Amino acid sequence: MVDNRTELATLFQRNADRPFDVLAYGDPNIDYVFEAARVPLADEKLLGRRLGTFAGGTVANVASAASRLGARVAAYGRVGGDADGQLLLTANEEAGVSNAFLRVVEQSTAAATIIVDAAGEKALVYAPMSGEAVDEPIVSAALRQSRLLYTMPYDLAEFRQITALAHAHGVAVAIDIEAAVAPTRERLDALLECSDIVFMNEGGFRATLDGEITVETIRPLLDKGPQLIVVTMGAAGAIACSRAAWAEHPAFPVKMVDATGAGDCFNGAFLAACFNDRTLRESLVFACAAASIAVSAVGARTALPTTREVEGLILNHSAGRT
Ligand SMILES: Nc1ncnc2c1ncn2[C@@H]1O[C@H](COP(=O)(O)OP(=O)(O)OP(=O)(O)O)[C@@H](O)[C@H]1O
Ligand SMILES: [Mg+2]
């Protein structure tokens with residue numbers, strides 16, 4: 001199958017004069033992570049161990065990964081005027097993500113308490129910030145300075161509103177779909193219709209689609225609208241599919257420590273690679289390698305790699321195979 005650079009160029013080479021490649025749309029959050037033998041029952045107190053306090057939030061994780069790998073990224077969303085909010089602002093600065101469109105508001109910052117049990121299973125309580133109407137002038141101002149909008153579309157009405165604005169400003173729309181985002185086929189189709197690039201994990205695929213995850217089962221989804229669909233399958237790797245090309249790649253074998261944020265690193269790396277004029281296959285390999293490095297430490301952003309580290313892993317791997 002041909003790998004078509006020209007096809008990707010229609011998505012990734014336009015509006016190069018804008019300051020940001022990616023506008024990461026969504027509130028970041030703080031993860032408070034604990035380890036315990038099991039998840040406590042009602043009225044029960046268990047002794048455990050604190051694993052750490054981490055900057056998180058799926059969209060913000062993608063922003064950090066893409067930025068570390070060379071994309072110019074701005075965050076769009078809110079944090080509270082509290083210590084958690086400050087931590088998130090600082091984490092963005094350290095990753096090179098612009099806070100120009102991240103507003104500090106009078107609310108508590110979004111946070112999650114996560115309990116990891118002895119089997120590595122997680123239970124979590126997530127407290128988002130309260131919803132608010134889309135501020136069209138502010139979103140438009142951010143979109144005019146961006147080339148691609150990335151989000152996880154929980155709210156369909158809001159998503160339709162921002163994609164209409166994005167497309168009006170010549171901004172491509174990329175989304176991440178997991179099971180909770182598209183629990184019905186109707187919802188999935190509605191999301192596909194508004195999107196140019198769709199990332200989906202195995203849970204997102206299996207929630208509404210039948211059969212094995214292969215190019216044959218993915219490709220028909222392109223008829224709904226997107227130009228590019230990428231499905232990730234954990235340790236089994238990923239498949240990327242456009243109209244003119246497709247590629248699949250296994251995960252790089254690594255010692256997995258914490259898979260949280262693997263998909264986020266993958267998505268950020270894939271976008272950074274596409275903006276760097278890599279082909280579909282090259283971008284897929286790059287993203288698989290980046291994500292495999294990210295799972296080697298606790299915390300979604302702890303082990304986000306640099307381009308040099310990703311390229312080093314790819315080189316070592318291909319040297320090992322020859
Ligand atoms: N155990 C692993 N070893 C190596 N690479 C992995 C492993 N798990 C995931 N990856 C890499 O990360 C990519 C994304 O993983 P996955 O499909 O689990 O995403 P996800 O379900 O969205 O994850 P998340 O929990 O972060 O949302 C995979 O395609 C693979 O390249
Ligand atoms: Mg994911």
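What counts as what
Residues numbered from 1 in each chain as written. Chains lettered and ligands numbered in written order. Predicted model: local features only at pLDDT ≥ 70, side-chain atom pairs only at ≥ 80, totals over all residues. Heavy atoms only, no water. 1 Å grid on protein atoms, 1.4 Å probe; cavity = no way out; pocket = protein on both sides within 12 Å on 5 of 7 lines; lining within 4 Å. Points joined across faces, edges and corners; volume = space filled by probe spheres on them. Helix = DSSP H or I, 4+ residues; strand = E, 2+ residues; numbered from the N terminus. Nonpolar A, V, L, I, M, F, W, Y, C, P; charged D, E, K, R; others polar. Axes fitted to C-alpha atoms, helices over the stretch in contact; angles between N-to-C directions. Parallel < 35°, antiparallel > 145°, perpendicular 65-115°, else oblique. Left-handed = near helix turned anticlockwise from the far one by under 90°. Contact = heavy atoms within 4.5 Å. Buried < 20%, exposed > 50% of the residue type's maximum accessible area, 1.4 Å probe, protein only. Pairing = 2+ DSSP bridges. Near = heavy atom within 4 Å. Polar contact = N/O pair within 3.5 Å; in protein donor to acceptor, adjacent residues only side chain to side chain. Areas by Shrake-Rupley, 256 points an atom, 1.4 Å probe, with all protein chains shown as cover. Phe/Tyr/Trp six-rings, centres within 6.5 Å; stacked < 30°, edge-to-face > 60°. Expected span 1.5 Å × (residues − 1).

A. The arrangement of empty space enclosed by the protein in detail. Within the structure shown, the criterion is met by two cavities of 30 Å³ or more. As for the largest cavity, its lining consists of A24, G26, P28, V59, A60, A63, A75, N92 and L102. Here the lining of the largest cavity gets three residues from one element, more than from any other, and that element is helix α2 (residues 58–68). Residues belonging to the lining of the largest cavity are distributed by class as follows: seven nonpolar, two polar and no charged.

B. Summary view of the packing of α2 against helix α9 (residues 262–275). For the pair α2 and α9, interaxial distance at closest approach is 7 Å and the crossing angle is 45°. One finds that α2 runs oblique with respect to α9. The two elements α2 and α9 meet at a crossing, and its hand is right-handed. Judged by residue contacts, T58, N61, V62, A65 and A66 of α2 engage D264, C265, N267, G268 and A272 from α9.

C. Structural context of α2. For α2, the tally of buried residues reaches nine of 11 residues, placing the bulk of the element in the interior. Burial in α2 covers these residues: V59, A60, N61, V62, A63, S64, A65, A66 and S67. In this structure, the buried residues of α2 make contact with β1 (20–25), β3 (49–56), β4 (73–80), α3 (83–95), β8 (146–151) and α9. Positioned one or two residues after α2, G70 has a phi angle of 105°, which is positive.

D. Expanded view of the sheet that holds strand β12 (residues 238–242). Within the open sheet, the nine strands sit side by side as β5-β4-β1-β8-β9-β10-β11-β12-β13. Their pairing is mixed. Unpaired on one side and paired on the other, β5 (98–105) and β13 (246–249) mark the two borders of the sheet. For this sheet the average axis-to-axis angle between neighbouring strands, irrespective of direction, equals 15°. In terms of strand pairing, β8 meets strand β9 (residues 172–177) through four bridges, oriented parallel. The partner of T151 across the bridge, within β9, is I175. Against the sheet, helix α5 (residues 156–168) engages β1, β8 and β9, with an angle of about 150° to β9. Helix α6 (residues 185–194) rests against β9 and β10 (197–201) of the sheet, and its axis sits at about 155° to β9.

E. Focus on the site of ligand 1. Among the 20 residues in the neighbourhood of ligand 1, the closest are listed as T232, G234, G237, G261 and A262. Within the contact set of ligand 1, an oxygen atom lies 2.8 Å away from a backbone nitrogen or oxygen of G234. Separating an oxygen atom of ligand 1 from a backbone N or O atom of A262 is a distance of 2.9 Å. Relative to its unbound accessible area of 630 Å², ligand 1 is 82% covered by the protein chains.

F. Structural detail: the layout of surface pockets. Space inside the second largest pocket adds up to approximately 250 Å³. As for the second largest pocket, its lining consists of 17 residues, of which L51, V116, K122, D258 and V298 are closest to the centre. Classifying every residue of the lining of the second largest pocket by side-chain character gives nine nonpolar, three polar and five charged.

G. Focus on the packing of aromatic side chains. Tallying each qualifying case throughout the model produces six aromatic pairs. Each ring, one from F199 and one from F270, has its centre 5.7 Å from the other, and the planes form 85°; the classification is edge-to-face. Of the two residues, F199 sits in strand β10 while F270 sits in helix α9, which places them 71 residues apart along the sequence. In terms of burial, F199 and F270 fall into one category: buried. Taken together, the aromatic side chains of Y150, F199, F266 and F270 make up a single cluster linked through ring pairs.

H. Main features of α3. For α3, which comprises 13 residues, the first-to-last C-alpha distance of 18 Å matches the rise-based estimate of 18 Å (1.5 Å per residue) to within 8%. Taken together, the buried residues of α3 touch β2 (29–35), β3, α2, β4 and β5. Within two residues after α3, G96 carries a phi angle of roughly 85°, on the positive side.

I. A look at the sheet that holds strand β6 (residues 111–116). The mixed open sheet is built from four strands, whose spatial order is β3-β2-β6-β7. Taken across any chain shown, the strands that pair with only one partner, and hence form the sheet edges, are β3 and β7 (122–127). Averaged over all pairs of adjacent strands, the angle between their axes in this sheet comes to 15°, without regard to strand direction. As judged from the six bridges shared by β2 and β6, these two strands associate in the parallel manner. Bridging from a neighbouring strand, V33 pairs with I114 of β6.

J. Highlighting the environment of E44. Within the secondary structure, E44 is located in the loop between β2 and β3. A relative accessible area of 29% means that E44 is categorised as partly exposed. For the pair E44 and W246, spaced 202 residues apart in sequence, the C-alpha separation works out to 51 Å. A polar atom in the side chain of E44 sits 2.6 Å from the side chain of R38. For E44, the side chain forms a polar contact with the main-chain nitrogen of L41, separated by 2.7 Å.

This is a description of form; function is not addressed.
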